[in-house]
Amino acid sequence: MARVLALLGVGVVPADTPILRADDLGVLRGDGVFETIHVRDGEPWGLEPHLDRMARSAERLSMPLPPRADLVELAGQACAAWSPEVEGGLRIVCTRGPEDGGPVTAYATIAPVAAATIAARHNGVAVITATLGVPAEVRTEAPWLLGGAKTLSYAINMASLRWAAGQGADDVLWVSVDGYALEAPTSTLVWLVDGVLYTVPAATTGILAGTTAAYLLEHAGELGMRADERLIRPAELHDADGVWLTSSSRGLAEVRTLDGVTLDPSPETTRMRKLLGYS
Ligand code: PLP
């Protein structure tokens, strides 16, 4: 399935259409916001929470966004051109626009979810920890660090994943300098202890508030679990009843090893994946 490209106010165009100016601040500075949304049966899953988060991200960057209804229309145009049988990743991208001023640049793409991503839902992932170089709660006092904003500046996230691959791991768990687990470069940490499903508090740590983890925790009662948030040190995860990384495209990936230590497989993984509606 080829990629789909849709431009705000224009609609679907050939996917290789050049659409960015050379002075677009999204390219020059990574200055903009984006969302990645899972497309299943031809529909964007959880579009509303993603657009809510995009609005929060833009607010943190003091950047205007196109009207929400226009973004919904853009997503709809892209999805209408997508084959409903294929799992897709819908990216909605909004940059601050040209350097000398001008409107926000906004477009959407859809690409197939990679086979390796789908496989990780079933096979789990090997994860290693790496420092993010900041104390766990510094970003609440330092708004310029853009905690909680999903900006286009993902070079560090991608470098972290390349570093992990170089170590033979599938993913990274970022750790604060004071020793707390934060998040992974493109996913949220979730773990289970004594029937309570936990995640890391986004409001106090400046991690990205994951929409997939939020859905899981909101619906934890349907699995007979309770939900809560707290900080945790990576070593404590070795004793959890299950540890997962959650994100829109991959859904739920069970952490099979953490820093080379094998974690016990959780019997809950399949039920949790089904609750999220992933195949
Ligand atoms: N944390 C980071 C840094 C991410 O980039 C993502 C993915 O967008 C997530 C967490 C998971 O968020 P979501 O579940 O909304 O995809």
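Residues numbered from 1 in each chain as written. Predicted model: local features only at pLDDT ≥ 70, side-chain atom pairs only at ≥ 80, totals over all residues. Heavy atoms only, no water.

(A) Examining the site of the ligand more closely. Neighbouring the ligand are 17 residues; Lys150, Tyr154, Thr211, Thr212 and Ser248 lie closest to it. Contacts to the ligand include Ser248, whose side-chain N or O atom sits 2.7 Å from an oxygen atom. Relative to its unbound accessible area of 380 Å², the ligand is 96% covered by the protein chains. Elements with a minimum of two residues in the shell around the ligand: helix H2 (47-60), helix H7 (211-218) and strand E12 (242-247). Considering only residue class, the shell around the ligand consists of four nonpolar, ten polar and three charged. (Near = heavy atom within 4 Å. Polar contact = N/O pair within 3.5 Å; in protein donor to acceptor, adjacent residues only side chain to side chain. Areas by Shrake-Rupley, 256 points an atom, 1.4 Å probe, with all protein chains shown as cover. Helix = DSSP H or I, 4+ residues; strand = E, 2+ residues; numbered from the N terminus. Nonpolar A, V, L, I, M, F, W, Y, C, P; charged D, E, K, R; others polar.)

(B) Unusual backbone geometry, seen in detail. With a phi close to 50 degrees, Ser62 is a non-glycine residue in the positive phi region. Within the element layout of this structure, Ser62 appears in the loop between H2 and helix H3 (68-80). The phi dihedral of Asp194 falls on the positive side, at around 50 degrees, and the residue is not glycine. With respect to the element layout, Asp194 can be found in the loop between strand E9 (188-193) and strand E10 (196-199).

(C) Structural context of the sheet that holds strand E4 (residues 43-44). The antiparallel open sheet is built from six strands, whose spatial order is E2-E1-E6-E5-E3-E4. Looking along the sheet, the strands with just one partner apiece sit at the ends: strand E2 (11-13) and E4. Relative to strand E6 (residues 105-112), strand E5 (residues 88-95) runs antiparallel, the two being bridged by eight bridges. What sits directly across from Arg91, in E6, is Thr109. Along the sheet face, H2 touches strand E3 (32-40), E4 and E5 and points at about 175 degrees away from the line of E3. Here H3 sits on the sheet in contact with strand E1 (4-7), E2, E3, E4, E5 and E6, set at roughly 145 degrees to E5. (Pairing = 2+ DSSP bridges. Contact = heavy atoms within 4.5 Å. Axes fitted to C-alpha atoms, helices over the stretch in contact; angles between N-to-C directions.)

(D) Examining the environment of Tyr215 more closely. Tracing the chain through its elements places Tyr215 in helix H7. Here the alpha-carbon distance between Tyr215 and Arg139, two residues 76 residues apart in the chain, equals 24 Å. Ignoring any residue separated from it by four or fewer positions in sequence, one finds Tyr215 in contact with Trp45, Leu275 and Leu276.

(E) Representation of the domain arrangement of the protein chain in the model. Domain annotation for the protein chain reports domain 1 (4-113) and domain 2 (117-276). Relative to domain 2, the C-alpha centre of domain 1 lies at a distance of 25 Å. Contacts between the two partners involve 26 residues from domain 1, matched on the other side by 20 residues from domain 2. Interface area, domain 1 with domain 2, both sides summed: about 1700 Å², of which 60% is carbon and sulfur. Contact with domain 2 buries surface across domain 1, with Phe34, Arg53 and Arg60 losing the most and accounting together for 33% of the total. (Domains from an automatic or database assignment. Buried area = accessible area lost by both parts, 1.4 Å probe.)

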